[in-house]
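Examination of the molecular architecture
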Number of protein chains: 2
Amino acid sequence: MAKADINIPGGMRDFSPEEMAKRNYIFQTIENVFRRYGFEQIETPSMENLSVLTGKYGEEGDRLIYKILNSGDYLKDIEHLGDLEAKQLTPKISDKALRFDLTVPLARYVVMNRNEISFPFKRYQIQPVWRADRPQKGRFREFYQCDVDVIGSNSLLNEVELLQILSESFEEFKIQNSKLKINHRKILMGLAETIGAADKLTDLTVALDKLDKIGADKFHEELYKRGLSEEAIIKLDSIIPMDDTEVDLATITEKLKDSESGNQGITEISGILQHCQNLGLSTVEFDVKLARGLDYYTGCIMEASVSDSDIGSIAGGGRYDDLTGVFGLPEVSGVGVSFGVERIYEILESKGLFPDSLQATAKLLFTNFGDETEGFVLESLQKLRAAGINSLLYSDSAKLQKQFKYADKKGIPYVIVAGPEEKESGKLTFKNMNDGSQENLTIEEIIKKLE
Amino acid sequence: MAKADINIPGGMRDFSPEEMAKRNYIFQTIENVFRRYGFEQIETPSMENLSVLTGKYGEEGDRLIYKILNSGDYLKDIEHLGDLEAKQLTPKISDKALRFDLTVPLARYVVMNRNEISFPFKRYQIQPVWRADRPQKGRFREFYQCDVDVIGSNSLLNEVELLQILSESFEEFKIQNSKLKINHRKILMGLAETIGAADKLTDLTVALDKLDKIGADKFHEELYKRGLSEEAIIKLDSIIPMDDTEVDLATITEKLKDSESGNQGITEISGILQHCQNLGLSTVEFDVKLARGLDYYTGCIMEASVSDSDIGSIAGGGRYDDLTGVFGLPEVSGVGVSFGVERIYEILESKGLFPDSLQATAKLLFTNFGDETEGFVLESLQKLRAAGINSLLYSDSAKLQKQFKYADKKGIPYVIVAGPEEKESGKLTFKNMNDGSQENLTIEEIIKKLE
């Protein structure tokens, strides 16, 4: 086979040991926080029935779902094959597809297992998802999502705990300048009502979501194109100034006082903010311009970003009142957030925040001098490992220099040299790769040193 | 949407929190052993180019590979669509496929990254694979593989370390009666040569691999069908008696003394067994009847099973001398084993070997009495979690009985009751769910008790 064939599909990635160590650090840190809050893990299969996924992500989303070709003679029962277009053929030759996110599978899981689940169901899920998107910098076709949700509880304490989870995670990562913005879809509804555009909530939301990227002029244009009157847009501007003035909750409360939705949203946000203040969550702040793109949010929405980075949001979520309705189980409220682990990776990398200790699995490399000392080496290694010390054997007999280079390249902090002399004396050469110092020690002394 | 739609594809599985806790226990236990031996983790993408996978698993294997339908208007450039059969159409509408095992992706990874990798490359990989097989009890279409391999080293110390890894893993699982059988493909070659069937090594291997299942008569029949002469079969019987007599290495050494391959294999196996004996690996034994199905093994082969279980092999592997040759990088030797995590799960489940501590993520449930105590509850929880105690809040205000039932169902060992009285006194009711006892303690006293 020609070497040119050896590649992986675009937008897909291999992860080297170094990358895996960093990725695992991210997952484990977040997972530990989830577990500290008593959340439990589930997994769903990579494939769902196509009918479960179709229609849940909009028309564009449907196009980006990876479909699995049916097995066997999948053309057997298809008539007039030559007349079909791809769109018509797809549902005839594919009945399964790859997971597009973790939210729809969660809804499907809850509905399927509603009799076994104890509600409130506090679950987390960390699995890859697949999207047939155009690959570009920072955008992959296979990437992990890391979701935490509470299903079947209306309590705002869930929102508070999710904000705590976000805040604690970023603290554990030692990310400075993280910000947690919150808003409420009912405040946005109140805004729409107050400017006389109650029927344009979705348009207002979609446009607001782009505001940061497109700027005030294009934002106004977008609103106008979406059917908001000039009068409404001017009113909106008087409530949310387009300069950098911060609009505080008191101001919004006053301006939306005639909207019932607005009042409800403000009451909820106030309660959440009060709890956050009592708990010392200093990074949480209200932002009336926060909109979040997704259509299914109905209550509080939240988003995390890092103020001295242009990477955008690194986590986000909110409350959705009817996620399971589409699968025949209405009136189950949920609230959740999703961590953007790929972006968190970039932040930690660019700010040098990955711990040094991640570098190598092995704490030491045991060198190899060939047949004569093999038995001695294996027995010494057995003692090291029994003491819980991760120890790597250089499998082949090779020049010592080559073996040292191997340890160095892998970032292994210690090397043990045990040739025939060391075997005889029982004193091994124990070298510290960081400062180059070396000592002659028995294996028991080495274990004591490393424990 | 009708409820009837809500299902997952056949052969696929959801994993509940209880199942996830057990699965994670298996993965973590094995992974800890891998890491103790200094192995490093990699991951490869779920999708490979179809050309990388096709032809590597035999004709039957090719059929079982899940193909991904190309995105967009995938029929655009296809002429005479109406005349095509599925077999001809597939390569035109699918250029990617799902990972079928972890071995071929490893070979592809090694070839692609050969300039960055420090050899010997000791890596492990734990990821799902997909096979469009007929689902049945214990056979799934999506399942995890858990592989550990050494690439680029001819040393038999690798075989010894892999046997140690197998043995230690089963010890950590507390699986009694595990057995590790080893044999050598060159001994099987010696056998074939000695009975005058040197050209029938593969046939002998395939038949031997089935011997346990099909019995002596059908084994002989199979050999005959595959072209071995009656004389060869009689000779074979004289070397490997079909009754339960164990054939020890000394006997085989004597019988194969005229075969060079046989002698090589015996020398290697003897060296490995000697090391195992010195290291106290009492479960490792030579078995000339061990064959392993896969074609690519060329050296030592090994297999683990549990003698008081009929579940079959729970791990297996061996040495392969030319895995990367097919991708243009010849003469790179590898050796590895794969753990059958699904079968290990069944063993641990049926023997009651999962630790009790796996049951719940949360160590305690904090009950909820509604608005008045919310702030107090959140602050108390903050202290518990800061002390590293996984604590679950019952999100809603509900009848106490319902909240206790929730804790009970989840197997949470402690419940804290903190209503208005407890808030006032600062003494919380701390209930042990196992023995029903309860005490009145401050939050600090509870933390001290649980730490």
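Here is a short report on the structure shown in this document.

About the thresholds
Residues numbered from 1 in each chain as written. Chains lettered and ligands numbered in written order. Predicted model: local features only at pLDDT ≥ 70, side-chain atom pairs only at ≥ 80, totals over all residues. Heavy atoms only, no water. Helix = DSSP H or I, 4+ residues; strand = E, 2+ residues; numbered from the N terminus. Buried < 20%, exposed > 50% of the residue type's maximum accessible area, 1.4 Å probe, protein only. Contact = heavy atoms within 4.5 Å. Areas by Shrake-Rupley, 256 points an atom, 1.4 Å probe, with all protein chains shown as cover. Lys, Arg positive; Asp, Glu negative; His and termini not counted. Charge placed at Lys NZ, Arg CZ, Asp CG, Glu CD. Axes fitted to C-alpha atoms, helices over the stretch in contact; angles between N-to-C directions. Parallel < 35°, antiparallel > 145°, perpendicular 65-115°, else oblique. Left-handed = near helix turned anticlockwise from the far one by under 90°. Nonpolar A, V, L, I, M, F, W, Y, C, P; charged D, E, K, R; others polar. Least-squares fit on C-alpha atoms with pLDDT ≥ 70 in both. Buried area = accessible area lost by both parts, 1.4 Å probe. Salt bridge = Lys/Arg side-chain N within 4 Å of Asp/Glu carboxyl O. Polar contact = N/O pair within 3.5 Å; in protein donor to acceptor, adjacent residues only side chain to side chain. 1 Å grid on protein atoms, 1.4 Å probe; cavity = no way out; pocket = protein on both sides within 12 Å on 5 of 7 lines; lining within 4 Å. Points joined across faces, edges and corners; volume = space filled by probe spheres on them. Disulfide = S-S within 2.5 Å. Pairing = 2+ DSSP bridges.

What chain A contains, in helices and strands, is 16 helices and 16 strands. Seen along its three principal axes, the alpha-carbon backbone of chain A occupies a region of about 90 × 65 × 45 Å. Out of the 451 residues in chain A, the part that is buried amounts to 56%. Taking contacts inside chain A between residues at least 6 apart in sequence as the whole, the part at least 24 apart equals 67%. Per element, the accessible surface of chain A, about 19800 Å² overall, is 45% carbon and sulfur. Across chain A, the mean location of the 55 positive side-chain charges is 3 Å away from that of the 74 negative side-chain charges.

This part covers the packing of helix α6 (residues 157-172) of chain A against helix α13 (residues 371-386) of chain B. For any two helices packed against each other, one specifies the inter-axial angle together with the distance between the axes. Where α6 of chain A meets α13 of chain B, the closest approach of the two axes is 12 Å, and the angle between their N-to-C directions is 30 degrees. In terms of orientation, α6 of chain A lies roughly parallel with respect to α13 of chain B. Viewed along their axes, α6 of chain A and α13 of chain B form a crossing whose handedness is right-handed. Along its contact with α6 of chain A, which presents Leu157, Val160, Glu161 and Gln164 of chain A, the element α13 of chain B presents Glu374, Leu378, Leu381, Gln382 and Arg385 of chain B. Taken together, the residues of the contact of α6 of chain A with α13 of chain B break down into four nonpolar, two polar and three charged.

This part covers the relation of the copies chain A and chain B. Superposing chain A onto chain B takes a rotation of 180 degrees plus a shift of 0.0 Å along the axis, which leaves an RMSD of 0.1 Å. Such a combination of rotation and displacement between the chain copies is what one expects of a two-fold axis. The rotation axis passes nearest to the C-alpha of Gly82 of chain A in chain A, at a distance of 2.0 Å. Taken as a fraction of all interface residues of chain A, those also at the interface in chain B reach 100%, which identifies the copy contact as same-surface.

The next point concerns the interface of chain A and chain B. Listed by partner, the interface residues are 107 residues for chain A and 107 residues for chain B. Here chain A meets chain B over a buried area of about 9300 Å², counting both sides, of which 56% is carbon and sulfur. Contact with chain B buries surface across chain A, with Ile6, Glu40 and Arg385 of chain A losing the most and accounting together for 7% of the total. Counting across the chain A and chain B interface gives six salt bridges. Between Asp14 of chain A and Arg108 of chain B there is a salt bridge; the shortest N-O distance is 2.6 Å. For the pair chain A and chain B, the number of links is 45 residue pairs in polar contact (both at pLDDT 80 or more). Ranked by residues supplied to the side of chain A that touches chain B, first place goes to helix α13 (residues 371-386) of chain A with seven residues. Grouping the constituent residues of the side of chain A that touches chain B by class yields 49 nonpolar, 32 polar and 26 charged.

The subject of this paragraph is unusual backbone geometry. Omega for the peptide link from Phe119 of chain A to Pro120 of chain A comes to -5 degrees, which places this bond in the cis form. If you trace the backbone, Pro120 of chain A turns up in the loop between α5 (103-112) and β5 (121-130). Within the chain, Lys174 of chain B stands out as a residue other than glycine whose phi angle is a positive 60 degrees. Topologically, Lys174 of chain B is positioned in the loop between α6 (157-172) and β7 (178-184). Judged by relative accessible area, which is 57%, Lys174 of chain B ranks as exposed. Positive phi outside glycine occurs at Glu331 of chain B, with the angle close to 60 degrees. Within the fold, Glu331 of chain B resides in the loop between β10 (315-320) and β11 (334-339).

This part is about empty space enclosed by the protein. For the structure shown, the criterion picks out two cavities of 30 Å³ or more. Considered as a void within the structure, the largest cavity measures approximately 40 Å³ in volume. Taken together, Ala360, Thr361, Ala362, Leu392, Tyr406, Lys410 and Ile412 of chain A together with Gly38, Glu40 and Lys122 of chain B form the lining of the largest cavity. What the second largest cavity holds in volume is close to 30 Å³. Lining the second largest cavity are Arg23, Ile26, Phe27, Val341, Glu342 and Tyr345 of chain A. At the level of secondary structure, the elements contributing two or more residues to the lining of the second largest cavity comprise α1 (17-36) and α12 (341-350) of chain A. Here the residues of the lining of the second largest cavity are counted per class, giving four nonpolar, no polar and two charged.

Let us now look at the side chain of Ser259 of chain A. Residue and element names in this part refer to chain A. Along the polypeptide, Ser259 turns up in the loop between α10 (249-255) and α11 (260-278). With relative accessibility at 2%, the residue Ser259 sits in the buried group. Within polar-contact distance, the side chain of Ser259 engages the backbone nitrogen of Gly262 at 2.8 Å.

Residue and element names in this part refer to chain B. This structure, assessed with the given rule, holds zero disulfides over all chains. Summary of cysteine pairing: Cys146 is not part of a disulfide, and the nearest cysteine sulfur, belonging to Cys300, is at 19 Å. For the unlinked cysteine Cys276, the closest cysteine sulfur is that of Cys300, found at 8.8 Å. Residue class for Cys276 comes out buried when judged on its relative accessible area of 1%.

All names here are of chain B. Across the seven residues of strand β9 (residues 300-306), seven count as buried, placing the element largely inside the fold. With burial as the criterion, each face of β9 is covered, one bearing Cys300, Met302, Ala304 and Val306 and the other bearing Ile301, Glu303 and Ser305. Summarising the sheet, β7 and β9 pair through seven bridges and their orientation is antiparallel. When the bridges of β9 are listed, Ser178 appears paired with Val306. In terms of strand pairing, β9 meets β10 through four bridges, oriented antiparallel. The residue bridging Glu303 from the neighbouring strand is Gly316, located in β10.

Function cannot be inferred from these measures alone, as they are strictly geometric.
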